[in-house]
Amino acid sequence: MIKVGVFGAKGRMGSEVCRVVEAAEDLELVGGIGPGQDRSALEGADVIVDFTQPDAVMDNLAWAIDHDIDTVVGTSGFTAEKYDALRAQLADHPTTGCLVAPNFGIGAVLMMHFAEQAARFFESVEIIELHHAHKADAPSGTAVATAEKIAAARSAAGLPAVPDATTQEMAGARGATVDGIHVHSVRLPGLVAHQQVMLGSLGETLTIKHDSFDRASFMAGVLAGVRSIGSRPGLTVGIEGLLGLQ
Ligand code: NAP
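Residues numbered from 1 in each chain as written. Predicted model: local features only at pLDDT ≥ 70, side-chain atom pairs only at ≥ 80, totals over all residues. Heavy atoms only, no water.

Looking at an unreviewed UniProt entry, the protein chain carries the name 4-hydroxy-tetrahydrodipicolinate reductase, with the source organism given as Acidipropionibacterium jensenii. Under the heading Sequence similarities (unreviewed entry), UniProt records this for the protein chain: "Belongs to the DapB family." In its Subunit (unreviewed entry) section, the UniProt record describing the protein chain reads: "Homotetramer." (UniProt positions renumbered as here; feature names shortened; annotations may be inferred.)

What follows is the structure, encoded as structure tokens:
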């Protein structure tokens, strides 16, 4: 049995994590913590899952690493500085692992992977991400990560910048530009989380499309992380390695 604790257990993602951990025969839920609650309730956990807030997560992780407890983290807002801080803390705890995944959705990760693979074969590419009307940030973190991967793949293949004949533009009409890749954000009630990567060359297009309809779609990735982090000391970023995609 793997003993699992949850930071942010009352949140939308955290409560779903508690539900699937309780339902799994090889996992035991040892407790869940909300803001201001005593973390010592999670001592004895093998793994703690964190779905909290960008300004809370580093404190939670410092506590867990100090207690040599592995962590699986979905909270957003990680920067290069935060990753460096985690690596530095983990260096003093060589058997402890921390997995931070900007996206636990297996379909979403595959969509990014396929887009990265296809990128070098097409003259041009644009990304359209579509989300529910309550999303605060635009473009989505997944769209930014996809654009960065595509740009790196194009650059490694020696492709020039994507062509753009636009000479007159109403502000925003061509979307945001991430590493030279245009990203368009749609916000509509009725949507959940969706993304299309459109690649084009003379005479053909390829569209890679992913739709997430429910936060249950993240749970297979979270559980894969919980089950494998015990054998992955140090910092792991993304679930690509767990899925054999790297
Ligand atoms: P949410 O519903 O607001 O849940 C966050 C929970 O964390 C709330 O219950 C909050 O309590 C609690 N919390 C805040 N500070 C805490 C602390 N110091 N210790 C313990 N709990 C604390 O948000 P959500 O939709 O679940 O999303 C959580 C995070 O996951 C966000 O950063 C989101 O962007 C990210 N996310 C990631 C993925 C992925 O695949 N990686 C997928 C979906 C969401 P209060 O409400 O009382 O403040």
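The structure having been displayed, the exposition proceeds.
S.K.: Can you lay out the packing of aromatic side chains for me, pointing to particular residues and giving the numbers?
M.R.: Under the counting rule described, the total for this entry stands at three aromatic pairs. Ring geometry for Phe78 against Tyr83: centres 5.5 Å apart, planes inclined by 25 degrees, an arrangement best described as stacked. In terms of burial, Phe78 and Tyr83 fall into one category: buried. Residue placement shows Lys82 over the ring face of Phe78; its charged tip is 5.7 Å from the ring centre. (Phe/Tyr/Trp six-rings, centres within 6.5 Å; stacked < 30°, edge-to-face > 60°. Buried < 20%, exposed > 50% of the residue type's maximum accessible area, 1.4 Å probe, protein only. Lys NZ or Arg CZ within 6 Å of the ring centre and 35° of its normal.)

S.K.: Describe in detail the pairing of strand β3 (residues 47–50), supporting the description with residues and values.
M.R.: Across the two faces of β3 the burial is the same, with Val47 and Val49 and Ile48 and Asp50 all buried. By the bridge criterion, four bridges tie strand β1 (residues 2–7) to β3 in an arrangement that is parallel. Within β3, the residue paired with Gly5 across the bridge is Ile48. In this sheet, strand β4 (residues 70–73) lies alongside β3 in parallel orientation, the contact comprising four bridges. (Helix = DSSP H or I, 4+ residues; strand = E, 2+ residues; numbered from the N terminus. Pairing = 2+ DSSP bridges.)

S.K.: Give a description of helix α6 (residues 219–228) that names residues and reports values.
M.R.: Because each turn of an α-helix spans 3.6 residues, side chains separated by three or four positions in sequence point in the same direction. Burial within α6 is extensive, with seven of its 10 residues counted as buried. Turning to α6, its buried residues number three or more, namely Met219, Gly221, Val222, Leu223, Gly225, Val226 and Ser228.

S.K.: Give a description of unusual backbone geometry that names residues and reports values.
M.R.: Across the junction of Ala138 and Pro139, the peptide omega takes the value -5 degrees, indicating a cis bond. Tracing the backbone shows Pro139 in the loop between β6 (124–131) and α5 (141–156). The phi dihedral of Asp68 falls on the positive side, at around 55 degrees, and the residue is not glycine. In this structure, Asp68 sits in the loop between α2 (54–66) and β4. Asp68 sits in the partly exposed class, given a relative accessible area of 43%.

S.K.: Tell me about the UniProt feature "binding site: NADP(+)" (unreviewed entry) in the protein chain, and please be specific about residues and values.
M.R.: The positions UniProt marks with the feature "binding site: NADP(+)" (unreviewed entry) are Arg39. Mapped onto the secondary structure, Arg39 falls in the loop between β2 (27–33) and β3.

S.K.: Would you mind going over the sheet that holds strand β9 (residues 193–201) in detail, with residue names and values included?
M.R.: Pairing within the open sheet is mixed, and its five strands lie in the order β7-β8-β6-β9-β10. The open sheet has two free edges, formed respectively by β7 (176–178) and β10 (204–212), since each of these has just one partner strand. Looking at each pair of strands side by side, their axes are set apart by 25 degrees on average, direction ignored. Sheet topology note: the β7/strand β8 (residues 181–187) ladder contains three bridges and is antiparallel. Residue pairing in the sheet places Val178 in a bridge with Ile181 of β8. Contacts from helix α4 (residues 106–118) reach β9 and β10, with the element oriented near 165 degrees to β10. (Axes fitted to C-alpha atoms, helices over the stretch in contact; angles between N-to-C directions. Contact = heavy atoms within 4.5 Å.)

S.K.: Describe the pattern of salt bridges, naming the residues involved and giving the relevant values.
M.R.: Using the criterion set out here, one finds 10 salt bridges in the structure. One salt bridge in this structure joins Asp84 and Arg87, with 3.2 Å as the shortest N-O distance. Of this pair, Asp84 and Arg87 both sit in helix α3 (residues 80–91), three residues apart, which is roughly one turn of the helix. The closest approach of N and O atoms between Lys209 and Asp211, which form a salt bridge, is 2.9 Å. Owing to a relative accessible area of 52%, Lys209 belongs among the exposed residues under this scheme. Within this structure, Glu126, Asp164 and Arg174 form a network of salt bridges that share partners. (Salt bridge = Lys/Arg side-chain N within 4 Å of Asp/Glu carboxyl O.)

S.K.: Can you explain the site of the ligand? Please cite residues and give values.
M.R.: Around the ligand, a shell composed of 21 residues is seen, among which Arg12, Met13, Gly74, Ala101 and Phe104 lie nearest. Within the contact set of the ligand, a nitrogen atom lies 3.1 Å away from a backbone nitrogen or oxygen of Gly74. Between the ligand and Pro102 there is a distance of 3.2 Å, counted from a nitrogen atom to a backbone nitrogen or oxygen. When the free accessible area of the ligand is taken as 930 Å², the share hidden by the protein chains comes to 72%. Breaking the shell around the ligand down by element, the ones donating at least two residues are α1 (12–23) and α2. (Near = heavy atom within 4 Å. Polar contact = N/O pair within 3.5 Å; in protein donor to acceptor, adjacent residues only side chain to side chain. Areas by Shrake-Rupley, 256 points an atom, 1.4 Å probe, with all protein chains shown as cover.)

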